[in-house]
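The residues making up each chain are set out below.
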Amino acid sequence: MQTLCSKNRWALITGALGGIGRALVNEFTNAGYKIVATDINDDFDMPENIHFVQLDLEKLVIDEVYANEFYYKVNKITHGTGISTLVNNAAVQILANTRVITRKQWSTSFNVNLSAPFFLSQMFINDLESNSGSIVNISSIHATQTKKQFVAYATTKAALSAMTRNMVLDIGSRVRVNAIEPAAIATDMLKAGFIGKEELYQRLEMFHPLGRVGTPNEVAKLAVFLSSENAGFVQGACISASGGIQGCLSDPM
Ligand SMILES: NC(=O)c1ccc[n+]([C@@H]2O[C@H](COP(=O)([O-])OP(=O)(O)OC[C@H]3O[C@@H](n4cnc5c(N)ncnc54)[C@H](O)[C@@H]3O)[C@@H](O)[C@H]2O)c1
């Protein structure tokens, strides 16, 4: 039986201060990884053993000098070992109708949700190859099924899942690239949106065949599994983590 423990292997996690990001940091730490955690926000309460680097992913996409500086910071933190896992988790969810969405809202959605995962993957390709590493992209159920107002977010997630499948054709002999497509996950933000609307929250839960929404830890544990040798033949996969809701037809009958 192969072990999930990955001592002396480094995981780079974006969006580490968000709901799922914090769970990713915990679960990869529990699995024995050393962590470089990044977020656009500042680190207020990361545990001391986590190496936190503040990083604006939109700037990384636009500014090559800024991107290179980030690469060298990570290289220094890992003492030249380089990362073994890249978790592209950060995203923005800008909701706006097709008639009114602005160029700025559209480009920010694409920069953060799609171009940043692409250019981070490109920047760390040599390290990931020499460490037989893996990339996990946190996509969304919106890659395939979506709602009104989600046109920018859903399009970026569909493209992120497509990028996952396509990238393995270029680099897939030595780096595994997979995606997770979660449905509703009970982050603080999701729960805050339902304060005073408990009945609606219950209906959301019951709409899932499992009778509940997912937890950040469930997404994070799947990411750890995908990064491990136990998922050694899982390549270019976009794995649904939706409690079964991806199979539900929501018509009024
Ligand atoms: N929570 C859910 O229900 C759910 C469902 C499906 C998919 N997802 C996906 O899971 C991932 C994490 O979602 P979450 O719910 O934890 O969201 P979140 O908003 O709590 O976390 C996202 C993090 O990304 C960071 N971020 C935003 N813009 C950035 C930028 N320009 N540069 C660097 N960092 C930036 C934010 O500061 C935040 O900490 C996202 O990719 C999201 O699309 C979430």
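Residues numbered from 1 in each chain as written. Predicted model: local features only at pLDDT ≥ 70, side-chain atom pairs only at ≥ 80, totals over all residues. Heavy atoms only, no water.

## With respect to the confidence of the model for the protein
Stated formally: For every residue, the predictor states its confidence as a pLDDT score lying anywhere from 0 to 100. Secondary structure counts use DSSP, requiring at least four H or I residues in a row for a helix and at least two E residues in a row for a strand, with both numbered from the N terminus. When checking whether two residues touch, look at their non-hydrogen atoms; a contact exists if any pair is within 4.5 Å.
For the protein, the average pLDDT comes to 95, and 97% of its residues sit at 70 or higher. The secondary structure element of the protein with the lowest average pLDDT is helix 7 (residues 188-192), at 87, and the one with the highest is strand 4 (residues 85-88), at 99. Throughout residues 1-5 the model reports pLDDT below 50, and contacts reaching past four residues in sequence, or to other chains, amount to seven contacts.

## So, the sheet that holds strand 6 (residues 176-182)
This is how the line gets drawn: Paired strands are those between which DSSP finds at least two bridges. Every angle, taken between N-to-C directions, lies between 0 and 180 degrees, and every axis is a line fitted to C-alpha atoms, over only the stretch in contact when it is a helix.
Strand order in this open sheet of seven strands is 3-2-1-4-5-6-7, and the pairing throughout is parallel. Strand pairing shows two members of the sheet lacking a second neighbour, strand 3 (51-54) and strand 7 (238-241), which therefore form its edges. Each adjacent strand pair in this sheet contributes to an overall mean axis angle of 20 degrees, direction not counted. Bridging between strand 5 (residues 134-138) and strand 6 involves five bridges; their strand directions are parallel. Directly across from Val 136, in strand 6, lies its bridge partner Asn 178. Sheet strands in contact with helix 1 (residues 19-30) are strand 1 (10-13), strand 2 (34-39) and strand 4, and its direction is about 175 degrees off that of strand 1. Of the strands in this sheet, strand 4, strand 5, strand 6 and strand 7 touch helix 9 (residues 216-227), which is tilted by about 165 degrees from strand 6.

## Section: the site of the ligand
Condition: Consider each residue's heavy atoms; a residue with any of them within 4 Å of a molecule or strand counts as near. Side-chain atoms alone can form a polar contact between residues adjacent in sequence; in general such a contact is a pair of N or O atoms within 3.5 Å, and within protein one must be able to donate a hydrogen while the other accepts it. Reported accessibility uses the Shrake-Rupley method at a 1.4 Å probe radius. Residues are deemed covered only where the shown protein chains occlude them.
Of all residues adjacent to the ligand, which total 28 residues, the nearest are Ile 20, Asp 39, Leu 57, Asn 89 and Tyr 153. One nitrogen or oxygen atom from the side chain of Asp 39 is found 2.6 Å from an oxygen atom belonging to the ligand. Contacts to the ligand include Asn 41, whose side-chain N or O atom sits 3.3 Å from an oxygen atom. Taken by itself the ligand offers 820 Å² of open surface, and the protein chains cover 86% of this.

## With respect to the side chain of Ser 140
The test is simple: Three exposure classes are used, based on accessible area relative to the maximum for each residue type with a 1.4 Å probe and protein chains only: buried under 20%, partly exposed in between, and exposed over 50%.
Within the element layout of this structure, Ser 140 appears in the loop between strand 5 and helix 6 (151-171). By relative accessible area, which is 3% here, Ser 140 ends up buried. Here His 142 takes part through its backbone nitrogen, which lies 2.9 Å from a polar atom of the side chain of Ser 140. When near neighbours in sequence (up to four residues on either side) are disregarded, Ser 140 contacts Tyr 153, Lys 157, Ile 180, Glu 181 and Pro 182.

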